[in-house]
Amino acid sequence: MSTADLDQKHPLDLESARIGVRKPEHRYDVQGDTPDEARVHAAMVNFVKDFGATAATYMESCIHCGQCAEACHFYVQTEDPRYTPIWKLEPFKQAYKREAGPFSLIYRLLGLKKRVTTAELKEWQELIYDSCTLCGRCTMICPMGIDIATLVGQARHGMFQAGIVPHELWSVAERAQREGSPLGATPSVFEERVEWMGDEHEVEMFIDKDRADVVLTMSSIEIQKYPESMAAIAKVMNHLGLDWTFRTDGYEATNFGLLSGNTAWQRDMSRKIVDAAKQCGAHTVILPECGHAYGALRWQAANLLGEKLPFKVLHVSEFLAEQVNSGRLKLKQVDKSATFHDPCQVSRRGGATQAPRDVLKALGVELREMENAGDYNWCCGGGGGVITIHRADPLRYKTFEIKMAQIDRTGAEVLLTSCSNCRQNFDDSQAHFHWDKTMHSLLELVADNLVS
């Protein structure tokens, strides 16, 4: 195996990843001294405006069976009924039934549903943001087919407009809108990192080509914390002889507009990538090892932008699987056992569950699946922006214990994933628990084992 120093990667500086934001722990108001009544109105209007027939049906369909609770890592680890997924939507269900449901007039006349208050929304902020990674496990288990994860995402739209957002999450989202990257990976920083990785790994890099078949994107976590991933994808692309480029006008795949609940910012971040790909006539955009980046561009961008995307969108694991299955990408055999952590947004929510397994088969590893692997995988606990929220750390660590137990039971020598946010959470949790396991990148393992 050519990855002799597989366990020697540099440690993650989580505080740097959080851009050093340290403000009062329970700061809710990020939009100034807006009157409480206006805040509630903003939250409810922006929640209800997302409603169509499907969402309304969801709100009317819950039979209070509680099965979603057993599917949620936050509930399972705490047994706190507040963390029941459908309960996280209670103020919004209350507002829907009072203001927009089929019996709303009766509810109002008889006083069966009270107006939602700012105090309730502030209390619910923790449930909407701190204790939900939007992983969709509750959605998959719901016997009524309610997409709870999507409803929580819609609730975040209202919370953002009311200015009731965890300050760390708001800060990184605002920085992304202002600078183009949530972690300070501005175009000049990105360009410097590309050049650095090219020199250090002796791989030819292409940036801002006028015409290219493929546009590569990166997440801010990779640019700042795992820059080897830039060299890894370049090695693979050059090895395959493909016509590709990075673009300084559309490289940042991380979308904190999605995570914070600001659809305008989400749209702006997606627009940059779309326009950059159009500019150079690309027929494919490859997304990096980032789960929410995949969901934002692959599944939501066309709807937000109101246009069909004129190119194919692939997560990097899908791209690698396509190349392996076509016979174009030949890989050395890795004589090790491995287990794979499925990123929720790529596997369960994105549908690309088989792709990494095809790649691992081509690498010849002995795959030791975790219990509930694949679509039913347990979330690592750091997605949905949770890892950015300081006060959520104890809860996040508590839920991560599920993953440690799962992985330890496999006895696998190597841990792999295809999401840098998951990798970040694994690194931070490993340090917290003094755990003797390290998470690695599937892409980097492939790049280290290309057949000449």
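Quick note: structure is the one above.
Notes on the structure in this doc start here. (Residues numbered from 1 in each chain as written. Predicted model: local features only at pLDDT ≥ 70, side-chain atom pairs only at ≥ 80, totals over all residues. Heavy atoms only, no water.)

### A closer look at a nonpolar patch on the surface
In step 1: Among the surface-exposed residues, Phe 103, Leu 105, Ile 106, Leu 109, Leu 110 and Leu 112 lie close enough to one another that they form a single nonpolar patch of about 660 Å² accessible area.
In step 2: Among the structural elements, Leu 112 can be located in the loop between helix H7 (104-110) and helix H8 (118-130). (Patch = residues over 30% accessible without salt bridge, like charges linked within 9 Å, V, L, I, M, F, W, Y side chains within 5 Å. Areas by Shrake-Rupley, 256 points an atom, 1.4 Å probe, with all protein chains shown as cover. Salt bridge = Lys/Arg side-chain N within 4 Å of Asp/Glu carboxyl O. Helix = DSSP H or I, 4+ residues; strand = E, 2+ residues; numbered from the N terminus.)

### Thoughts on the pairing of strand E5 (residues 337-341)
Each regular strand shows side chains that alternate between the opposite faces of the sheet.
In step 1: Across the five residues that make up E5, a large majority, five, are buried.
In step 2: Taking every second residue as pointing to the same face, both faces of E5 are buried, with Ser 337, Thr 339 and His 341 on one and Ala 338 and Phe 340 on the other.
In step 3: In this sheet, strand E6 (residues 366-367) lies alongside E5 in parallel orientation, the contact comprising two bridges. Within the sheet, the bridge partner assigned to Ser 337 lies in E6 and is Glu 366.
In step 4: Here E5 pairs with strand E7 (residues 414-417) via four bridges, running parallel. Opposite Thr 339, over in E7, you have Leu 415 as the bridge partner. (Buried < 20%, exposed > 50% of the residue type's maximum accessible area, 1.4 Å probe, protein only. Pairing = 2+ DSSP bridges.)

### Thoughts on the environment of Leu 304
In step 1: Note on placement: Leu 304 falls in helix H17 (residues 291-305).
In step 2: For Leu 304, a relative accessible area of 22% corresponds to the partly exposed category.
In step 3: Between the C-alpha atom of Leu 304 and that of Gln 266, which follows or precedes it by 38 residues, the distance is 8.4 Å.
In step 4: Those residues in contact with Leu 304 that lie beyond four places of it in its chain are Thr 263, Gln 266 and Arg 267. (Contact = heavy atoms within 4.5 Å.)

### Comments concerning the pairing of E7
In step 1: Where burial is concerned, the two faces of E7 agree: the one with Val 414 and Leu 416 and the one with Leu 415 and Thr 417 are both buried.
In step 2: Taken together, the three bridges between E7 and strand E8 (residues 439-441) define a ladder with parallel strand orientation. Each bridged residue has a counterpart across the sheet, and for Thr 417 the counterpart in E8 is Ser 441.
In step 3: You can see the chain leave E7, run along helix H21 (residues 420-433) and come back into E8, and the turn it takes is right-handed. (Right-handed = clockwise from strand over helix to strand, strands pointing away.)

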